[in-house]
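Survey of secondary and tertiary structure
Letter by letter, the chains look like this.
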Amino acid sequence: MFGVYAPGRGVAQLTFDGLYALQHRGQESAGMAVGDGEAITVVKDMGLVTTVFDERTVSCLPGHLAIGHTRYSTTGASTWRNAQPVYRAAAGAGFALGHNGNLTNTAELAARAGMLPGVVASDSDLVAELLAGASAFAGDPAEPRPHALEEAVAEVLPLLAGAFSFVMLDASHLLGVRDPKGLRPLCLGRLGKDEDPEGWVLASETPALDIVGADFVRELEPGELVVIDEDGVRTRQLFSEAQVDPRLCIFEFVYFARPDSRLYGREVHGARRRMGELLATQAPVDADLVMGVPESGVPAAEGFARASGIPYGQGLVKNRYIGRTFITPDQTARAEGVRRKLNPLRDNIDGKRIVVVDDSIVRGTTQRAVVRMLREAGARQVHLRISSPPLMWPCFYGIDIPSHEELIAAQSSIPQIEEYLGVDSLAYLSLDNLVAAIDAPGAGFCTACLTGVYPVPVPAAQADAGAAAPSPPDTARA
Ligand code: SF4
């Protein structure tokens, strides 16, 4: 997600650039909403940022504030209707929002709002409905309240449970907000000089600030709302002290965020490299070559090589025009995606004992295909090292970590997984070492998919499914 308030600048172009830097966070649809002080224009469609927007479209979107969104679906179908930003006309005004995350109390919210099941297409749509129905928008449409959206947000967002970062705008105000656990990231940047700002930027990850030339100011606090308009940046806390409890998704560090992102003041690439170093110490192996599964496994592989003294080399070439397999919406597309995405470098592999480092195993689809490729290319041994603990529980907070039935670590022992994947050995990084590798003392994390401890209660049916998960395997086993 991206947002910008910058009078005199081409905000649609800045939003395009910001979304381009954030393409990895969602590849199913892209969109932006631009405000010019009087009206809002929304353009969105299915596909990548560069598919949805061309130069002509961007140049036809004048305004001084904008939000943008790229989507991948964890709830709600991958359809145009669910593309974001979501727009609503509310009395005498309109607003648009982009949502990163997943709510856990949608049924309760829909019931509270008197909505029939199926009326809203997604949890983001539901939030838009709730905001449009807030008392701040209930007055005379001929005299809309200037801060109606801010008031509606303050009224509605404390009712939400789950993971949510939002960017929103009406015709004149840009808003950004994080849930009280700060599960999903959102940061603030500044265009121009500290003493004379030219504008303000909101972004899910810091590389989107870099690409538009904005300076990082800070991460939004969990539960914080910022409102940006002609008077600058205002901030307020929407939740009580007891509700605010930072639990940033630890998977942002493992896999999801770009390596050049900074979260909790730490660069993700360095954290991933340290994960590899600790993994080499925790689960050593005799081998000739260390390689990473492109791209998020590569920094950990470099760390593993450095700590183990085994040479690092490239074993797989990635087709850079293929998207991330993890976030394509169905299993067939995922399996085909692996074959299209990766190809082995035979001369580097033939006759060698290889350590393959990857960031995580969800279903085992990627790793099984990779191991088969390496064997076919002549690898004598293949040892798989995973720079995170086993994924045992589903995610209900907006990352597509699926049900127990699909999670290979929840269904099988390590010897069974080794056999399925065709590896000589398999070992995972322990949770203690994962947290040590991130090296952000005092920082709180969500680790629910690794530990089953959910920081925000999940609905009963989902919790029952969670309780059925087996104990995690011994991660230290080499
Ligand atoms: S359950 Fe896992 S993927 Fe989901 S927010 Fe928590 S740490 Fe992240």
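Residues numbered from 1 in each chain as written. Predicted model: local features only at pLDDT ≥ 70, side-chain atom pairs only at ≥ 80, totals over all residues.

Turning to the pairing of strand 2 (residues 29-35), a few remarks are in order. Across the 7 residues of strand 2, 7 count as buried, placing the element largely inside the fold. A two-sided burial pattern is seen for strand 2, the buried positions comprising Ser29, Gly31, Ala33 and Gly35 on one face and Ala30, Met32 and Val34 on the other. Both strand 2 and strand 3 (residues 40-46) contribute to a ladder of 7 bridges, which runs antiparallel. Bridging from a neighbouring strand, Gly35 pairs with Ile40 of strand 3. The loop that links strand 2 with its antiparallel partner strand 3 comprises 4 residues; one of these, Gly37, has a positive phi angle of about 95°. The sheet contact formed by strand 2 and strand 4 (residues 65-71) spans 7 bridges and is antiparallel. (Buried ≥ 20, exposed ≤ 12 C-beta atoms within 10 Å, placed from the backbone. Helix = DSSP H or I, 4+ residues; strand = E, 2+ residues; numbered from the N terminus. Pairing = 2+ DSSP bridges.)

Let's shift gears to the domain arrangement of the protein chain. What the domain assignment lists for the protein chain is domain 1 (2-246) and domain 2 (268-443). Each of domain 1 and domain 2 was reduced to a C-alpha centroid, and the two centroids are 34 Å apart. (Domains from an automatic or database assignment.)

Moving on, we come to the sheet that holds strand 20 (residues 353-358). Pairing in this open sheet of 4 strands is parallel, and the strands run 17-20-21-22 from one edge to the other. Where the open sheet ends on each side, the last strands, each with one partner, are strand 17 (289-292) and strand 22 (425-428). The average undirected angle you get between the axes of adjacent strands in this sheet is 20°. Where strand 21 (residues 381-386) and strand 22 come together, 4 bridges link them in parallel fashion. By the bridge assignment, Arg385 is partnered in strand 22 with Ala427. (Axes fitted to C-alpha atoms, helices over the stretch in contact; angles between N-to-C directions.)

Let's shift gears to the packing of helix 9 (residues 268-282) against helix 10 (residues 298-308). Two elements in contact, helix 9 and helix 10, have axes whose closest approach is 6 Å; the angle formed by their N-to-C orientations is 45°. Relative to helix 10, the element helix 9 lies oblique. In the packing of helix 9 onto helix 10, the handedness of the crossing is right-handed. Contact residues: His269, Arg272, Arg273, Arg274, Met275, Gly276, Glu277, Leu279, Ala280 and Thr281 in helix 9; Pro299, Ala300, Ala301, Glu302, Gly303, Phe304, Arg306, Ala307 and Ser308 in helix 10. When the residues that make up the contact of helix 9 with helix 10 are grouped by side-chain class, the tally is 8 nonpolar, 5 polar and 6 charged. (Parallel < 35°, antiparallel > 145°, perpendicular 65-115°, else oblique. Left-handed = near helix turned anticlockwise from the far one by under 90°. Contact = placed C-beta atoms within 7 Å. Nonpolar A, V, L, I, M, F, W, Y, C, P; charged D, E, K, R; others polar.)

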